[in-house]
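# Architecture at a glance
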Amino acid sequence: MTAKAAGGAPLPSNILIVEDDALLAMAMEAALLDAGVETVVISSTTDDALAALRTGAPDAIVLDVHLADRDDGWAIAELVETLGPDRPQVIFSTGAPKDIPEEIAAIGVVLEKPYAPETLIEALREPKARGLFSRLRNVLR
């Protein structure tokens, strides 16, 4: 389920990139493949991302929160959060981190554009953030 890069923690092996900037998406894809990720799928719209999630569960999602078709791309992260503890890791990729509601940002790691490919690789090596539903479940127990 994970790719082991030289000298680092394992990386997810199957990553979904949700990004409407084609050049940025291809640069991320190249960096991830070079780092040892097995499969990278790129979706440029919310509908494409949802279709990709239906056809296969990625280990991680790199999510642009301001897509051309929707200005609240974090809604995908909210949906992913409902999948429970085995849900994909979420990395938010945005030029406007303050636009993400605080409770949604807690679902994953927030990277502010522009960032170096190494920053993305490091974020993907981090353990999954415990999102809102996981925290609520633990409080209610």
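The present account deals with the structure reproduced in this document. (Residues numbered from 1 in each chain as written. Predicted model: local features only at pLDDT ≥ 70, side-chain atom pairs only at ≥ 80, totals over all residues. Heavy atoms only, no water.)

## Thoughts on the environment of Asn-14
Looking at where Asn-14 falls in the secondary structure, it is placed in strand E3 (residues 14-18). Residue class for Asn-14 comes out partly exposed when judged on its relative accessible area of 22%. Taking the C-alpha atoms as reference points, Asn-14 and Leu-32, 18 residues apart in sequence, are found 10.0 Å from one another. Ignoring sequence-local partners within four residues, the contact set of Asn-14 consists of Thr-39, Ala-57, Pro-58, Asp-59 and Ala-60. (Helix = DSSP H or I, 4+ residues; strand = E, 2+ residues; numbered from the N terminus. Buried < 20%, exposed > 50% of the residue type's maximum accessible area, 1.4 Å probe, protein only. Contact = heavy atoms within 4.5 Å.)

## Focus: the pairing of strand E5 (residues 60-64)
Burial of E5 is extensive: 5 of the 5 residues sit out of reach of the surface. Of the two faces of E5, the one holding Ala-60, Val-62 and Asp-64 and the one holding Ile-61 and Leu-63 are both buried throughout. In terms of strand pairing, E3 meets E5 through 4 bridges, oriented parallel. The residue bridging Val-18 from the neighbouring strand is Leu-63, located in E5. Here E5 runs beside strand E6 (residues 89-94); their pairing, made up of 5 bridges, is parallel. Paired with Ile-61 across the two strands is Val-90, which belongs to E6. Note on the crossover from E5 through helix H3 (residues 74-81) to E6: the handedness is right-handed. (Pairing = 2+ DSSP bridges. Right-handed = clockwise from strand over helix to strand, strands pointing away.)

## A look at the pattern of salt bridges
Counted according to the given criterion, the structure contains 3 salt bridges. Here Arg-87 ties to Glu-81 by a salt bridge, and the two come within 2.9 Å at their closest N and O atoms. Of the residues examined, Arg-87 reaches a relative accessible area of 5% and is grouped as buried. A residue is classified by how much of its surface remains accessible, and Glu-81, at 3% relative accessible area, is buried. Taken together, the salt bridges that share partners define one network made up of Glu-19, Asp-64 and Lys-113. (Salt bridge = Lys/Arg side-chain N within 4 Å of Asp/Glu carboxyl O.)

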